[in-house]
4 protein chains.
Amino acid sequence: MAYLHRVLYGDTDQMQVVYYASYLRFFEGARNEWIRGHGLAYTEIEAAGVFLPVVEAFVRYHRPARYDDLLEIETDVSTTRVRLRFDYQVRRRGDDAVLTEGHTVHVSVDREGRLVRFPGWLTEKLAAHVRQGMPE
Amino acid sequence: MAYLHRVLYGDTDQMQVVYYASYLRFFEGARNEWIRGHGLAYTEIEAAGVFLPVVEAFVRYHRPARYDDLLEIETDVSTTRVRLRFDYQVRRRGDDAVLTEGHTVHVSVDREGRLVRFPGWLTEKLAAHVRQGMPE
Amino acid sequence: MAYLHRVLYGDTDQMQVVYYASYLRFFEGARNEWIRGHGLAYTEIEAAGVFLPVVEAFVRYHRPARYDDLLEIETDVSTTRVRLRFDYQVRRRGDDAVLTEGHTVHVSVDREGRLVRFPGWLTEKLAAHVRQGMPE
Amino acid sequence: MAYLHRVLYGDTDQMQVVYYASYLRFFEGARNEWIRGHGLAYTEIEAAGVFLPVVEAFVRYHRPARYDDLLEIETDVSTTRVRLRFDYQVRRRGDDAVLTEGHTVHVSVDREGRLVRFPGWLTEKLAAHVRQGMPE
């Protein structure tokens, strides 16, 4: 259930590698597909009045990805009562080497932007796929 | 009152020139500054319930712009009763050659997205700076 | 063989619709897939010393696309001796209404950026899929 | 010598705040201006055969920035023999509250991508403006 992305010109920069900010876009795509792949759409979560804004993002760049590479992004999710963390690993399809890895941390807020616990139905739906506790 | 933009890595692509879609971002910046420079902010126009969505965009690419270029974008505006058109010319600062030119056409809609005439106060405010009629 | 793109947060803007410049990225994706789908990769064309820089881009915006829409982009290609034109139509998957349409025009240049005719092998490979002559 | 950026539609997303990846673009602009402000251009460093690819990026999001905000980004730089770190703080101009902060870590490589020490001339030029040692 990895997320695939074919690198476009628009993702690269003049060093002829993927621009460093592009990975946060790829992470968003991977996160979106992970949620959808577990029987939810992010639009449904929002329709229920729950929003998951990012409070922290981190990327470590090991090796460059290049134009036309077919990238495969694997996503792992862990949670505490008030935080959801997605960890991402980016590889070229069919290649073991991790090019880039990173994570994003999200909180749960209501329409007015106040912090709220993750609603029970969401926790239940995700429980089987999510680690309890957060990596250091 | 030209709009200045210093080209970033993030604007370029692996051909080592500015990516073709980046110019539409530069045009947005130039449009925004043109409006502000004539005593309005686009946020004020929106606060008055008038929105100016783009219905058409065009770019002609003559010569490439490159990383670290300081681009200068000149903007001309023309109008009919229901359309507003911005024409843009992109040069390197201090250089006459036009690198890229283009235009965007905007209509005037209300909060529900219905087409409306440009409100009188907006037309008056812009009248001195805008050509009547639209280029072919 | 249409190109599919799931709309991300990063493609949208604060009007809660897809940002106008994002369509040029989608067009690039569609163009890339069209070429690949006809037995070529754009990287191979470049490896042969032929580059296809864009000299003109146009977009007409009919109806907004929104976050999480699954967009389907159809591509048609036409050619003259020195120009290649891609026409694009963007729809929501499973819906007939065209949201956005546009085109890009490309010329053929060598490594030094000089205009060259499309090489014979490229013309032959694409001949069956490309209209001769260019739309008005 | 803070870097200023006026938030565009293209920087925002449908949550009506600045998209999380946009901050890495702003950081690049701030980094570029910081280097230029200390009597160097990044293009000169590259012309000398030294490249400073990013190996790590981090962003913490405290409060949202919005369309048309005039953002002011302050940059601090610290260094060890082989790493250069930029720390960024983003505020609305004239407002003390930090909206977003983050850092990027860069290494020094030659044209072949091999790790090299920062060249002496670069270290000297930057010495007065850079802290020795890296924050935890």
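Residues numbered from 1 in each chain as written. Chains lettered and ligands numbered in written order. Predicted model: local features only at pLDDT ≥ 70, side-chain atom pairs only at ≥ 80, totals over all residues.

The helix and strand inventory of chain A stands at 3 helices and 6 strands. Order of helices (α) and strands (β) in chain A, N terminus to C terminus: β-α-α-β-β-β-β-α-β. Relative to its length of 136 residues, chain A is compact, with a C-alpha radius of gyration of 16 Å against a globular reference of 14 Å. Taking the principal axes of the C-alpha coordinates as reference, chain A spans close to 45 × 30 × 30 Å. Here chain A holds 136 residues, and 38% of them are scored as buried. (Helix = DSSP H or I, 4+ residues; strand = E, 2+ residues; numbered from the N terminus. Rg over C-alpha atoms; globule rule 2.2 N^0.38 Å. Buried ≥ 20, exposed ≤ 12 C-beta atoms within 10 Å, placed from the backbone.)

Turning our attention to the interface of chain D and chain C. Interface extent is often summarised as the accessible area lost during association of the parts. Opposite the 9 residues of chain D that make contact, chain C presents 9 residues. Among the residues forming the side of chain D that touches chain C, the class breakdown is 4 nonpolar, 4 polar and 1 charged. (Contact = placed C-beta atoms within 7 Å. Nonpolar A, V, L, I, M, F, W, Y, C, P; charged D, E, K, R; others polar.)

All right, on to unusual backbone geometry then. A positive phi is found at glutamine 16 of chain B, a non-glycine position, where the angle reads about 65°. Within the secondary structure, glutamine 16 of chain B sits in the loop between β1 (3-6) and α1 (22-37). Notably, aspartate 68 of chain C is not glycine yet its phi reads approximately 75°, a positive angle. The exposure class of aspartate 68 of chain C is partly exposed, given the 18 C-beta atoms found within 10 Å.

What follows covers the environment of lysine 125 of chain B. Residues and elements named next belong to chain B. With respect to the helices, strands and loops of the structure, lysine 125 is situated in helix α3 (residues 120-127). Judged by local crowding, lysine 125 falls into the partly exposed class, with 16 C-beta atoms found within 10 Å. Sequence-wise, lysine 125 and arginine 111 are 14 residues apart; in three dimensions their C-alpha atoms are separated by 21 Å. With near-sequence residues (within four places) excluded, lysine 125 lies in contact with His38, Gly39 and Leu40.

Each partner contributes to the interface: chain A provides 12 residues, whereas chain D provides 12 residues. Of all the secondary-structure elements, those providing two or more residues to the side of chain A that touches chain D are α1 (22-37) and β2 (54-61) of chain A. Examining the composition of the side of chain A that touches chain D, we find that 8 residues originate from one element, β2 of chain A, more than from any other. Classifying every residue of the side of chain A that touches chain D gives 9 nonpolar, no polar and 3 charged. By the bridge criterion, 5 bridges tie β2 of chain A to strand β2 (residues 54-61) of chain D in an arrangement that is antiparallel. When the bridges of β2 of chain D are listed, alanine 57 of chain A appears paired with valine 59 of chain D. (Pairing = 2+ DSSP bridges.)

The two copies are related by a screw motion: chain A maps onto chain D through a turn of 180° and a shift of 0.0 Å along the axis, at an RMSD of 0.0 Å. Look at the turn and shift together and you get a two-fold axis relating the two. The C-alpha atom lying nearest the rotation axis in chain A is that of phenylalanine 58 of chain A; the distance is 2.2 Å. Same-surface contact between copies: 100% of interface residues of chain A are shared with the interface of chain D. (Least-squares fit on C-alpha atoms with pLDDT ≥ 70 in both.)

The subject of this paragraph is the environment of tyrosine 88 of chain A. Position of tyrosine 88 of chain A among the secondary structure elements: in strand β4 (residues 83-92). Residues contacting tyrosine 88 of chain A, with those up to four places away along its chain left out, are Phe27, Ala30, Ile73, Thr75, Glu101, Gly102 and His103 of chain A.

Right, let's get into the relation of the copies chain D and chain C. Turning chain D through 180° and shifting it by 0.0 Å along the axis lays it on chain C, with an RMSD of 0.0 Å. Most of the interface of chain D is mirrored in chain C: 100% of its interface residues are interface residues there too.

This next bit is on helix α1 (residues 22-37) of chain C. Residue and element names in this part refer to chain C. The first and last C-alpha atoms of α1 sit 23 Å apart over 16 residues, in line with the 22 Å expected at 1.5 Å per residue. Within α1, 13 of the 16 residues are buried, which leaves it mostly tucked inside the rest of the structure. Phi turns positive, to about 85°, at glycine 39, one or two residues after α1. (Expected span 1.5 Å × (residues − 1).)

This brings us to the pairing of strand β4 (residues 83-92) of chain B. Residue and element names in this part refer to chain B. Sheet topology note: the strand β3 (residues 70-79)/β4 ladder contains 9 bridges and is antiparallel. Paired with leucine 71 across the two strands is arginine 92, which belongs to β4. Between the end of β3 and the start of β4, which pair antiparallel, lie 3 residues. Bridging between β4 and strand β5 (residues 98-107) involves 9 bridges; their strand directions are antiparallel. Bridging across to β5, arginine 83 finds its partner in valine 107. Linking β4 back to β5 in an antiparallel pair, the connection comprises 5 residues, with glycine 94 at a positive phi of about 85°.

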